[in-house]
Amino acid sequence: ETGVTQTPRHLVMGMTNKKSLKCEQHLGHNAMYWYKQSAKKPLELMFVYNFKEQTENNSVPSRFSPECPNSSHLFLHLHTLQPEDSALYLCASSPTGTGGAGYGYTFGSGTRLTVV
Amino acid sequence: AQTVTQSQPEMSVQEAETVTLSCTYDTSESDYYLFWYKQPPSRQMILVIRQEAYKQQNATENRFSVNFQKAAKSFSLKISDSQLGDAAMYFCAYRSTYNAGNNRKLIWGLGTSLAVNP
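No experiment lies behind these values; they were computed from the predicted model shown.

Participant: Hey, could you go over the pattern of salt bridges for me, with residue numbers and the actual values?
Facilitator: Residues and elements named next belong to chain A. Evaluated as defined, the whole model comprises 4 salt bridges over all chains. When the shortest N-O distance is used, the salt bridge between D85 and R63 registers 2.7 Å. Here D85 is found in the loop between β8 (73-79) and β9 (87-94), whereas its partner R63 is found in the loop between β6 (53-57) and β7 (64-70), with 22 residues between them in sequence. Here the two residues D85 and R63 agree in accessibility, since each one is buried.

What follows is the structure, given as structure tokens:
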């Protein structure tokens, strides 16, 4: 257990479904991140939240909708996905402020998403 | 913009032997952090070791050590006495220390898949 918990671990959904991924951390970190990891591709940063405010959206399609109700919880709402959205979705958190850069990120175990 | 390059997509090592994974990066900044992460089949991305750019001494964590060459912008990872549990994907990452916008995010290499042979 690393301190960042992601649920569910596996998810299979149809293209017309709506589902949500959940990420939770109680490390006292104020920054949270969603990454997409596909085979043979670099890690793709999707969204960044600092103090529950979205500070980065890397041209992610609107069928992915993030939500950060507080600094400890992060959601990724999914709707009308495409088969190419099948991937491992990783959540991470990190401290902010002076010296925070040196801590790197703490990751969850990811959600393996399959879109059928 | 900063970039991180891992030129070895796959490597293998015999159990108990030593292996070195390469990483180079490009930046115009003078102060930053470098990291090695391990991602085993369990998918958990685990921090292995970190290095602060203005510290000349190479970081060491048990069997893991780095060879940090700032002028050459090289940051290799050495794994000594390799164990079966070391088999994983290894990612090199860069992070700026400047506290401004996107400069604080991690910049990742493509990863090196390490196999450990018994």
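Participant: Before we move on, could you go through the pairing of β8(A) and cite the residues and values that matter?
Facilitator: Residue and element names in this part refer to chain A. The sheet contact formed by strand β3 (residues 18-25) and β8 spans 7 bridges and is antiparallel. Note that in β8 the partner of C23 across the bridge is L74. Inspection of the sheet shows β7 paired to β8 by 5 bridges, in the antiparallel sense. Its bridge partner being in β8, E67 is matched across the sheet by F75.

Participant: Tell me about the interface of chain A and chain B, and please be specific about residues and values.
Facilitator: Chain A puts 28 residues into the contact, and the matching count from chain B is 20 residues. Of the roughly 1,900 Å² buried between chain A and chain B on both sides combined, carbon and sulfur atoms contribute 46%. For chain A, the biggest contributors to the area lost against chain B are A:A101, A:Y105 and A:F107; these three give 28% of the whole. On inspection of chain A and its partner chain B, the count reaches 0 salt bridges.

Participant: Run through the sheet that holds strand β1 (residues 4-7) of chain A, naming residues and quoting values.
Facilitator: Residue and element names in this part refer to chain A. Judged by pairing direction, the sheet is antiparallel, and its 4 strands sit side by side in the order β1-β3-β8-β7 without closing on themselves. Edge positions in the sheet fall to β1 and β7, since each of these pairs with one other strand and no more. Strand-to-strand twist across the sheet, computed as the mean angle between neighbouring axes with direction ignored, equals 15°. Two elements, β1 and β3, share 4 bridges in a ladder whose sense is antiparallel. Its bridge partner being in β3, T7 is matched across the sheet by K22.

Rules of the game
- Residues numbered from 1 in each chain as written.
- Chains lettered and ligands numbered in written order.
- Predicted model: local features only at pLDDT ≥ 70, side-chain atom pairs only at ≥ 80, totals over all residues.
- Heavy atoms only, no water.
- Salt bridge = Lys/Arg side-chain N within 4 Å of Asp/Glu carboxyl O.
- Helix = DSSP H or I, 4+ residues; strand = E, 2+ residues; numbered from the N terminus.
- Buried < 20%, exposed > 50% of the residue type's maximum accessible area, 1.4 Å probe, protein only.
- Pairing = 2+ DSSP bridges.
- Contact = heavy atoms within 4.5 Å.
- Buried area = accessible area lost by both parts, 1.4 Å probe.
- Axes fitted to C-alpha atoms, helices over the stretch in contact; angles between N-to-C directions.

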